[in-house]
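Residue-level structural notes
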Amino acid sequence: MKQILTIIILFIVGGCSTNPYKTSNKTYKKQAKAYGKLLAKYPLSDSVTNSAYFVGTPNFNLRRPNFVILHHTAQNSCDQTLLTFTTAKSQVSAHYVICKDGTVHHMLNDYFRAWQAGVSKWGNATDINSLSVGIEIDNNGFEPFTEPQINSLLLLLDRLKKAYNIPTANFIGHADIAPGRKVDPNRYFPWQRLAQNGFGFWFDTTGVQLPMNFDAMQALRIIGYDIMKPDAAIESFKLHFVQTDSTKVINDDDRKILFDLEKKYQ
Ligand SMILES: [Zn+2]
């Protein structure tokens, strides 16, 4: 009797709760299936004139992401962000969203291209969306990140780094790749802690002697920053490496930091 009652209760609860993301889940599956079909296509549809000469090779796999881009959501809750990313007209998405309690929502297969980086550049790399996994962390932009969030993030980064063999240097922020346009993740983001765990580099200026001809802007460029707008590049650099300083001025301490970092990131 107790068992029957439990089943009835489960049935009622199950029947009443509707998944608010049912529609977007359905759309996701449909789109993923269509891409699966496209990948399986031969003769190759993008090679119409040469299709008669199609010769399949067995030696291939899928292209892999080589960067991880970190963001803060600049929204007030995880639910708000999930709603934004499941609404077609927003035209924005990410592979993962990490809530304040540490919950990780996987929204998109890592092999697919999320719409998270926008117009961006890092070194010679453009179209970062095609090269990266995007992780959004629930944060309004003006507050510290929570311990459960960072713990979940570190576990996720560890998995991604191993799965796709992502270089240590390639864990960067949205502000790093879009100076003057983006400022996320904010100054509270624990980049040093990430570097200590193998995600990005940190500096050590102990005993650093600057060469006479040291060029700080060139160092920023070597690290990866787009220096087209020098002030914006400095702002992004400080958001990541000198978080207590909101000026756009490079002082002697910064020069030493840049001298050390350019060797690690080059
Ligand atoms: Zn962002």
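Up top is the structure.
None of the values given here were measured: they were computed from a predicted structure.

**With respect to the overall build of the chain**
Within the chain one finds ten helices and five strands. Summarising its shape, the C-alpha atoms of the chain cover approximately 80 × 60 × 30 Å along the three principal directions. Within the chain, contacts between residues at least 6 apart in sequence are counted, and of these 67% link residues at least 24 apart. Summed over all atoms, the accessible surface of the chain reaches about 16,100 Å², with 57% contributed by carbon and sulfur.

**Focus: the sheet that holds strand S5 (residues 171-173)**
Taken in spatial order, the five strands make up an open sheet running S3-S2-S4-S1-S5, and their pairing is mixed. If you trace the sheet from one side to the other, it starts and ends with strand S3 (104-106) and S5, each paired once. Each adjacent strand pair in this sheet contributes to an overall mean axis angle of 25°, direction not counted. Bridging between strand S2 (residues 96-98) and S3 involves three bridges; their strand directions are antiparallel. The residue of S3 that forms the bridge with Val-97 is His-105.

**So, the pattern of salt bridges**
Under the criterion given, the structure shown has ten salt bridges. Ionic pairing is found between Asp-245 and Lys-238, a salt bridge with its closest N-O pair at 2.5 Å. With respect to class, Asp-245 is no different from Lys-238; both count as buried. A salt bridge links Arg-255 to Asp-252, with the nearest nitrogen and oxygen atoms 3.2 Å apart. Of the two residues, Arg-255 and Asp-252 are both situated in helix H10 (residues 252-265); the distance of three residues between them amounts to about one turn of the helix. Taken together, the salt bridges that share partners define one network made up of Lys-100, Asp-138 and Glu-143.

**Describing the pairing of strand S1 (residues 67-72)**
By the criterion of burial, S1 is predominantly enclosed, with six of the six residues buried. Here S1 shows a buried face lined by Phe-67, Ile-69 and His-71 and a second buried face lined by Val-68, Leu-70 and His-72. For S1 and strand S4 (residues 132-137), the ladder comprises six bridges, and the chain directions are parallel. From the neighbouring strand, Phe-67 faces S4, where its bridge partner is Ser-132. Here three bridges tie S1 to S5, and the two strands are oriented parallel to one another.

**Describing helix H3 (residues 78-85)**
One turn of an α-helix holds 3.6 residues; hence residues three or four places apart share an orientation. Regarding H3, the residues found buried are Cys-78, Thr-81, Leu-82 and Phe-85. The buried residues of H3 occupy an angular sector of 100° when the element is viewed end-on, so they sit on one face. In H3, those exposed residues whose orientation departs by more than 90 degrees from the buried face are Asp-79 and Leu-83. Where H3 is buried, its residues meet S2, S3 and S4.

**Quick word on a nonpolar patch on the surface**
On the surface, Leu-39, Leu-62 and Tyr-111 cluster together into a nonpolar patch covering about 330 Å² of accessible area. The residue Tyr-111 is located in the loop between S3 and helix H4 (128-131) in this model.

**Some points on helix H8 (residues 216-223)**
Of all the positions in H8, only Ala-216, Ala-219, Leu-220 and Ile-223 are classed as buried. One face of H8 carries all of its buried residues, which in axial projection span an arc of 100°. Looking at the packing, one finds that the buried side of H8 touches helix H9 (230-241) and H10. For H8, the N-terminal cap is Asp-215; the gap from its side-chain oxygen to the backbone nitrogen of Met-217 is 3.1 Å. One or two steps after H8, the chain reaches Gly-224, where phi turns positive at roughly 145°.

**Structural notes on the packing of H9 against H10**
Close contact between H9 and H10 brings their axes to 13 Å; oriented N to C, the two are set at 85°. With respect to H10, the axis of H9 lies roughly perpendicular. Facing H9, whose interface residues are Phe-237, Lys-238 and Phe-241, H10 presents Asp-254, Ile-257, Leu-258, Leu-261 and Tyr-265.

The rules behind each value
- Residues numbered from 1 in each chain as written.
- Predicted model: local features only at pLDDT ≥ 70, side-chain atom pairs only at ≥ 80, totals over all residues.
- Heavy atoms only, no water.
- Helix = DSSP H or I, 4+ residues; strand = E, 2+ residues; numbered from the N terminus.
- Contact = heavy atoms within 4.5 Å.
- Areas by Shrake-Rupley, 256 points an atom, 1.4 Å probe, with all protein chains shown as cover.
- Pairing = 2+ DSSP bridges.
- Axes fitted to C-alpha atoms, helices over the stretch in contact; angles between N-to-C directions.
- Salt bridge = Lys/Arg side-chain N within 4 Å of Asp/Glu carboxyl O.
- Buried < 20%, exposed > 50% of the residue type's maximum accessible area, 1.4 Å probe, protein only.
- Arc of directions from axis to C-beta.
- Patch = residues over 30% accessible without salt bridge, like charges linked within 9 Å, V, L, I, M, F, W, Y side chains within 5 Å.
- Polar contact = N/O pair within 3.5 Å; in protein donor to acceptor, adjacent residues only side chain to side chain.
- Parallel < 35°, antiparallel > 145°, perpendicular 65-115°, else oblique.

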